[in-house]
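The primary structure of each chain is shown beneath.
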Amino acid sequence: MNGTTVIKQPAATSAAAPLLEVSALRKAYGKKQALDNVTFSLREGTCFGFLGPNGAGKSTTMKILTGIVKADSGFVKLLGRDITNDTDAVSRHIGYVPQEITLYEKLSAYDNLEFFGQAYGVRGSELKQRIREVLTRTGLLDRAKDEVQTFSGGMKRRINIAAALLHRPKLLILDEPTVGIDPQSRNHIFEMIRELNQQGVTIIYSTHYMEEVEALCDIVAIMDQGAVKALGPLGDLLEQYGRKEVYVEAAGLTEAPVCAGVSAARKAGAGWVLETERPEAVMQTMLSTAATQKWHVKQLELVRPSLESVFLSVTGTALRD
Amino acid sequence: MKAIISKELKLIRKDKRSFFFLLLMPILFIVMFGSVFGGGGDTADITLHVIDQDRTPASQDFLKQLGGVMDVKAEAADALNDQLEKIKQGQYSVVLVVASGFETAIKQGQAADVKLYQDPASQTAVAPIKAILAGISGQYREQKLAGALEAKGESKEAAAALLASPLRIEDVPTSSDHFDYIDQVVPGMTVMFVFFIIITMTRRFFDEKKTGLLSRIRSTTIKPLTYLLGMWLPFILTVIAQCVILFAFGRLVYGLQLGDVAALGLIVLALSIAGTGIGLGLSFIVPGESASMVVTQLISMGGAMVGGLWVPSYLLPKIVQSIGHFTPQYWAQHSLQNVVAHGAHIGDVLPGVGVLLVFGLIGLIVALVRLPAFLRSAAN
């Protein structure tokens, strides 16, 4: 893959056939290349995160996986079947939660779920039971008969997700499901996703919030300008690309401390963040310097590598909102 | 498909705007037109304002004969200028003045002066009055001739036989025994407002596209053709319900005769397919909701004008009548009136039903051709 660094997924699962394989997907809208050679695969039960700014190609990738958009080239295989330009055979196994709240606002929560359940082929008493279950899971059973237009944004997002769960999909694709909602609703959604993943549902989760990927995902693909720039388990990406930094805060430390092995320093709050390839050595040096210079050190710690720094390393830019 | 039909029916029930366009407005129009034009054609409803300047038994007798066939309103003898002013203002279209010396002229066998002051722009209203006056004038001539023959020695019976017309005109009704303007208004307004369903249909499709619902539905097991037909059928049912309610209103309030209900039902079904089929096709052609409002007004109002919904087709200019034949409104109105006013049955209305179904089919074909592009634009 051009321009993509792939870190191998854990060996223990490499024997199992992938649930989803995506290879060399390309899609252009006029002159704009929305997707450029996107390739990845997923094992069953993975929680896969797509991290990237708006316009990176995350939604387009998801729309191709769900059959809403046709790829210009490349292939997609789900459960061993080529679904590149025909998802009909497997649409019953995919649950899709779009970025927009796609509900009938004038209908009740129950009516919306009934419609989407039937749209996925769920019928009769099974449908009634599933509606009850997902409403309970989303904490909205008591609002079942209320029109969706009376719901808060967070509640609407929960029903938006619930509508994709009625048919017990093997693969759940969520496109930025927490945009514009309150923290309580967001946590509720996170709990739901963790629960589903623990029950064996494979999750593809796209977001431009790094903390969401860090909280939920095992495997992360960093996407920018239509291409996957880095792909692998979260810990491995942080290890390989995360910046190694030391934070030091001391009374009277008004200038960045000079220290061998520090490549860059920046002010952060009341202290300084020092970039280095040898954080332990730098910490030792800081302690020695503090003793000799009689600094009153308030804080000295290793800064945990973040996806933000990974994104910056891989793409050369900060993650744009 | 059942899921889509059920969902759409629920949404249509909650749509107050549609209720206004599909039911309230046509009922309002029926009441309005029915009040203005109701009972037209019956001479007992014609009102004639008269000024008797002679005020003699002869003039009174003349006015009594007129009163036998129309509603005669006597005005003051010196009110001529007032009455002429009312004609100018358009309050009525004609005033009859029996001039002084009417009786004297009759007795002397001379022409008696009767002036008919009329609005030249209202010849349609004046024509029946002139015809009645011509008839009464003919009776006076016959009386004069009979008098002259008796004076010459002919008996009364011989004079009557001599004056009898060589023609005998017998009235043979070819339609049902009841016809009035409500037979024009109820079918006409029903047909006109059927096409307002286009507004609701285009709005629904645009909403589904704009909100991302259509894309989401595409990710389910629902196929595009199933989606299209599932969205269409509820509107057919809605229009059928609309027609049933409006005809029921006409029956209950105005005593509209329904004729062969099975034939009526067949026309209503075909009209529903035509109106909603056109709506379906337009939903995939027009660029937006505003454009659909404009197009709907053109189709509804324009079609109503040339299709003979507001006034009977035969009263329209020949060129307009010809154009009307290319509108679904003409075929619907013509078929409905055949049933309601002329006692037609299923076999008689099949050609009209066939034409309406063709309009519906054309709309469906347009929708099928445009559907892939519509789905692509929704996805993007």
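Rules used in this analysis
Residues numbered from 1 in each chain as written. Chains lettered and ligands numbered in written order. Predicted model: local features only at pLDDT ≥ 70, side-chain atom pairs only at ≥ 80, totals over all residues. Helix = DSSP H or I, 4+ residues; strand = E, 2+ residues; numbered from the N terminus. Buried ≥ 20, exposed ≤ 12 C-beta atoms within 10 Å, placed from the backbone. Rg over C-alpha atoms; globule rule 2.2 N^0.38 Å. Contact = placed C-beta atoms within 7 Å. Domains from an automatic or database assignment. Pairing = 2+ DSSP bridges. pLDDT = per-residue confidence, 0-100. Nonpolar A, V, L, I, M, F, W, Y, C, P; charged D, E, K, R; others polar. Axes fitted to C-alpha atoms, helices over the stretch in contact; angles between N-to-C directions. Parallel < 35°, antiparallel > 145°, perpendicular 65-115°, else oblique. Left-handed = near helix turned anticlockwise from the far one by under 90°.

(A) Geometry of the overall build of chain A. When its secondary structure is counted, chain A shows 9 helices and 15 strands. Dimensions of chain A along its principal axes, counting C-alpha atoms only, are 80 × 45 × 40 Å. For chain A, with 321 residues in total, the buried portion stands at 45%.

(B) Representation of the overall build of chain B in the model. When its secondary structure is counted, chain B shows 16 helices and 4 strands. Relative to its length of 380 residues, chain B is extended, with a C-alpha radius of gyration of 29 Å against a globular reference of 21 Å. Expressed as lengths along the three principal axes of its C-alpha atoms, the size of chain B is roughly 100 × 45 × 35 Å. Taken over 380 residues, chain B has a buried fraction of 35%. The contacts of chain B with a sequence gap of at least 6 include a subset with a gap of at least 24, amounting to 78%.

(C) Representation of the domain arrangement of chain A in the model. Assigned domains within chain A: domain 1 (5–239) and domain 2 (244–304). Put simply, the middle of domain 1 of chain A and the middle of domain 2 of chain A, counted by C-alpha atoms, are 42 Å apart.

(D) Structural context of the pairing of strand S10 (residues 219–224) of chain A. All names here are of chain A. Counted residue by residue, S10 has 6 buried out of 6 residues, so it is predominantly covered. With 4 bridges joining them, strand S4 (residues 47–51) and S10 adopt parallel strand pairing. The partner of phenylalanine 48 across the bridge, within S10, is isoleucine 219. Across 6 bridges, the pairing between S10 and strand S11 (residues 227–233) is antiparallel. Its bridge partner lying in S11, valine 220 is registered against glycine 232.

(E) Spatial organisation of the pairing of strand S7 (residues 94–97) of chain A. Residues and elements named next belong to chain A. Of the two faces of S7, both are covered, the one formed by Ile94 and Tyr96 as well as the one formed by Gly95 and Val97. With 4 bridges connecting them, S7 and strand S8 (residues 171–175) associate as parallel partners. Across the sheet, the residue bridging to tyrosine 96 is isoleucine 173, located in S8.

(F) Inspection of the confidence of the model for chain A at higher detail. All names here are of chain A. Across chain A, the average pLDDT comes to 86, with 93% of residues at or above 70. The weakest mean pLDDT in chain A belongs to strand S1 (residues 5–6) at 56; the strongest belongs to helix H2 (residues 109–119) at 96. Taken as a whole, residues 8–14 scores under 50 in pLDDT and shows 6 contacts with residues more than four places along the chain or in a different chain.

(G) Highlighting unusual backbone geometry. All names here are of chain A. Of note in the backbone geometry, arginine 168 takes a positive phi value of approximately 50 degrees without being a glycine. Residue placement: arginine 168 occurs in the loop between helix H4 (153–162) and S8. Overall, arginine 168 belongs to the partly exposed group, with 17 C-beta atoms counted inside 10 Å. One non-glycine residue, glutamate 176, adopts positive backbone phi at about 45 degrees. Glutamate 176 gets classed as buried once you count the C-beta atoms within 10 Å, which come to 21.

(H) Quick peek at the interface of chain B and chain A. Contact with chain B, which involves 19 residues of that partner, is made by 22 residues of chain A. Counting residues per element, the ones that place at least two in the side of chain B that touches chain A are helix H1 (2–13) and helix H10 (213–218) of chain B. When its residues are assigned to classes, the side of chain B that touches chain A shows 6 nonpolar, 7 polar and 6 charged.

(I) View of the packing of helix H15 (residues 328–342) of chain B against helix H16 (residues 346–379) of chain B. All names here are of chain B. In the contact formed by H15 and H16, the axes pass within 9 Å of each other and the chain directions differ by 155 degrees. Regarding the angle of H15 to H16, the classification is roughly antiparallel. Considering only the axes of H15 and H16, their crossing is left-handed. Contacts from Pro328, Trp331, Ala332, His334, Ser335, Asn338 and Val339 in H15 reach Asp348, Val349, Gly352, Val353, Val355, Leu356 and Phe359 in H16. Taken together, the residues of the contact of H15 with H16 sort by class into 9 nonpolar, 4 polar and 1 charged.

(J) Looking closely at the sheet that holds strand S3 (residues 94–98) of chain B. All names here are of chain B. One open sheet accounts for 4 strands, arranged S2-S1-S3-S4; its pairing is mixed. Looking at which strands have only one partner, the edges of the open sheet turn out to be strand S2 (71–75) and strand S4 (114–118). The average undirected angle you get between the axes of adjacent strands in this sheet is 25 degrees. Across 5 bridges, strand S1 (residues 47–52) lies against S2 in parallel orientation. Looking across to S2, one finds that isoleucine 51 is bridged to glutamate 75.

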